[in-house]
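Residues per chain, in single letters:
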Amino acid sequence: MSKVITAIDKSKSFRVYLTISTDMAEQARQIHHTTPLATAALGRVLTGAGLMGLMLKEERDRMTVQFKGDGPAKQILVTAYGDGRVKGYISNPNVDLPLREDGHLNVGGALGKGELTVIKDIGLKEPYVGKISLVSGEIADDLTAYYYISEQQNTSVALGVKIARDRSVLCSGGMIIQMLPGGCDQAVDALEVMLKEMGPLTSQIEQVLLRGAGKSEEGLVSDLLDQIFSGIPDQFKPEKIAVQQMGWECDCSEKRLEQALMTIGKKELREIIDEDGQAELVCQFCEKKYFFDKEHLERLYKQL
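Everything numeric in this text was worked out from a predicted model, so none of it was measured.

So, about the overall build of the protein chain. The number of helices and strands found in the protein chain is 10 helices and 12 strands. On C-alpha atoms alone, the protein chain measures out to a radius of gyration of 21 Å, which is about the 19 Å that the 2.2 N^0.38 rule sets for 304 residues. Taking the principal axes of the C-alpha coordinates as reference, the protein chain spans close to 70 × 45 × 40 Å. Expressed as a percentage of its 304 residues, the buried residues of the protein chain come to 51%. Considering only contacts in the protein chain between residues 6 or more positions apart, those separated by 24 or more positions represent 64%. For the protein chain, the distance from the average site of its 36 positive side-chain charges to the average site of its 44 negative ones is 2 Å.

Rendered as structure tokens:
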């Protein structure tokens, strides 16, 4: 599980959500057997959506973040809960493209042109749905634009996944900064300067990891918070107000897959029983396989 620190600056102008999500991104890589490009794309969305999920009011509240484009990655879909559970997948885990001119993985090219959809299920009759066109496909830019366009919230999102030579996740992390009602203009100016000078988030994480050998995960994230905001004026330095957990967890079950089978309709289910006599379903999120023999399928058919 990754530790997420929430902090508010001394002037109460903005709130910060910050995490080092290396373990979660690596777990997703191992489950989906992703290429480095797919690992970076999925890891960014997992981290960003996970932080967004922790902003929900109730632990049982759920958020789904979908990036869908005309590029070779096709779609990235992540579900996050208010209690910190996160799961997700990328439609094409084998996507691979040449590096960008600046030497970075081409996540934007992998997604191409398309849409970002955010669905919040917070216990109301109908879920909230927000949708925007992709700005760059680089994930952080698109989530920043989503908050501004769909929620009228001045927000800055930074996400990063760095890949090791053996294709594993060397480090991963995310930060969301949101302005609070009544925040002062000087705080905005100070944040703009800080973000311009900050550099890649993964570089900041690497520096903290090198210095913090043996420290707890919470200690490392606290050090990261201090390092990122070290140059900001004292009146705008953020102070920790909460520590939460965020991590990969798939809640698939045989019962859920039964429901999926029953949604295909009576006629189609009968054809599966008569022609195949069995069915095997695979969870898109965790790749777990569920086998249904003929007797099991007949029981589901009778329920229909």
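This part is about the sheet that holds strand β7 (residues 128–133). Reading across from one edge, β7-β6-β3-β4-β5-β10-β1-β2-β9-β8 is the order of the 10 strands in this open sheet, with mixed pairing throughout. The open sheet has two edge strands, β7 and β8 (155–163), and neither has a second partner. Direction aside, neighbouring strands of the sheet carry axes that sit 15 degrees apart on average. As judged from the six bridges shared by strand β6 (residues 114–121) and β7, these two strands associate in the antiparallel manner. Following the sheet pairing, E115 is matched in β7 by S133. Most of the contacts of helix α1 (residues 22–32) go to strand β9 (residues 169–179), to which it runs at about 125 degrees, and overall it touches β1 (2–9), β2 (14–20), β5 (85–90), β9 and β10 (238–248).

The terminal C-alpha atoms of helix α2 (residues 36–53), which comprises 18 residues, lie 25 Å apart, in line with the 26 Å expected from a rise of 1.5 Å per residue. Burial analysis of α2 places 18 of its 18 residues in the buried class, which makes it a mostly covered element.

A word on the pairing of β8. Summarising burial for β8: seven of the nine residues are buried, a large majority. In terms of strand pairing, β8 meets β9 through nine bridges, oriented antiparallel. By the bridge assignment for β9, V157 is matched with I176.

Quick look at the pattern of salt bridges now. A complete count under the given rule lists 16 salt bridges for this structure. Residue D83 pairs with R85 through a salt bridge whose shortest N-O separation is 2.9 Å. For D83, a relative accessible area of 30% puts it in the partly exposed group. Of the charged contacts in the structure, one is a salt bridge between R85 and D251, with a shortest N-O distance of 3.9 Å. Here R85, found in strand β5, pairs with D251, found in the loop between β10 and α8 (254–262); they are 166 residues apart in sequence, far enough to count as distant.

In the Ramachandran plot, K12 falls in the positive-phi region, its phi being about 55 degrees despite a non-glycine side chain. For K12, the position within the fold is in the loop between β1 and β2. The exposure class of K12 is exposed, given its relative accessible area of 59%. With a phi angle near 55 degrees, H33 is a residue other than glycine that sits in the positive phi range. Checked against the element boundaries, H33 lands in the loop between α1 and α2.

Turning our eyes to something else, we now look at the packing of aromatic side chains. Tallied over the full model, the rule gives three aromatic pairs. Their ring planes at 15 degrees and their centres at 6.1 Å tell us that F14 and F229 sit as a pair that is stacked. Of this pair, F14 sits in strand β2 while F229 sits in the loop between α7 (217–228) and β10; the two residues are 215 residues apart in sequence, bridging distant segments of the chain. Neither F14 nor F229 differs from the other in exposure class; each is buried. Here Y89 and F285 contribute two aromatic rings whose centre-to-centre distance is 5.4 Å and whose plane-to-plane angle is 70 degrees, an arrangement assigned as edge-to-face. Residue Y89 is located in strand β5, and its partner F285 is located in the loop between β11 (278–282) and β12 (289–293); the two are separated by 196 residues in the primary sequence.

Core analysis: the biggest nonpolar cluster contains 67 residues, and M52, V65, F67, I76, L116 and L143 have the highest contact counts within it. Leaving out residues up to four positions away in the same chain, V65 has contacts with V45, A49, M52, I76, L77, V78, L116, T117, V118 and L143.

Turning our eyes to something else, we now look at the side chain of T19. Residue placement: T19 occurs in strand β2. Look at T19 and you get buried, because its relative accessible area is 0%. Among the polar contacts made by the side chain of T19, one reaches the main-chain carbonyl oxygen of K3 at a distance of 2.8 Å. Excluding anything up to four places from it in sequence, T19 contacts S2, K3, V4, T47, L51, G173, G174, V221 and M246.

At a minimum axis distance of 10 Å, the contact between helix α9 (residues 266–275) and helix α10 (residues 294–303) shows a crossing angle of 160 degrees. With respect to α10, the axis of α9 lies roughly antiparallel. The chirality of how α9 crosses α10 is left-handed. Of the residues in α10, those in contact with K266, L269, R270, I272 and I273 of α9 are K294, L297, E298, L300 and Y301. Taken together, the residues of the contact of α9 with α10 break down into six nonpolar, no polar and four charged.

Calculation notes
Residues numbered from 1 in each chain as written. Predicted model: local features only at pLDDT ≥ 70, side-chain atom pairs only at ≥ 80, totals over all residues. Heavy atoms only, no water. Helix = DSSP H or I, 4+ residues; strand = E, 2+ residues; numbered from the N terminus. Rg over C-alpha atoms; globule rule 2.2 N^0.38 Å. Buried < 20%, exposed > 50% of the residue type's maximum accessible area, 1.4 Å probe, protein only. Contact = heavy atoms within 4.5 Å. Lys, Arg positive; Asp, Glu negative; His and termini not counted. Charge placed at Lys NZ, Arg CZ, Asp CG, Glu CD. Pairing = 2+ DSSP bridges. Axes fitted to C-alpha atoms, helices over the stretch in contact; angles between N-to-C directions. Expected span 1.5 Å × (residues − 1). Salt bridge = Lys/Arg side-chain N within 4 Å of Asp/Glu carboxyl O. Phe/Tyr/Trp six-rings, centres within 6.5 Å; stacked < 30°, edge-to-face > 60°. Core = buried A, V, L, I, M, F, W, Y, C linked by side-chain atoms within 4.5 Å. Polar contact = N/O pair within 3.5 Å; in protein donor to acceptor, adjacent residues only side chain to side chain. Parallel < 35°, antiparallel > 145°, perpendicular 65-115°, else oblique. Left-handed = near helix turned anticlockwise from the far one by under 90°. Nonpolar A, V, L, I, M, F, W, Y, C, P; charged D, E, K, R; others polar.

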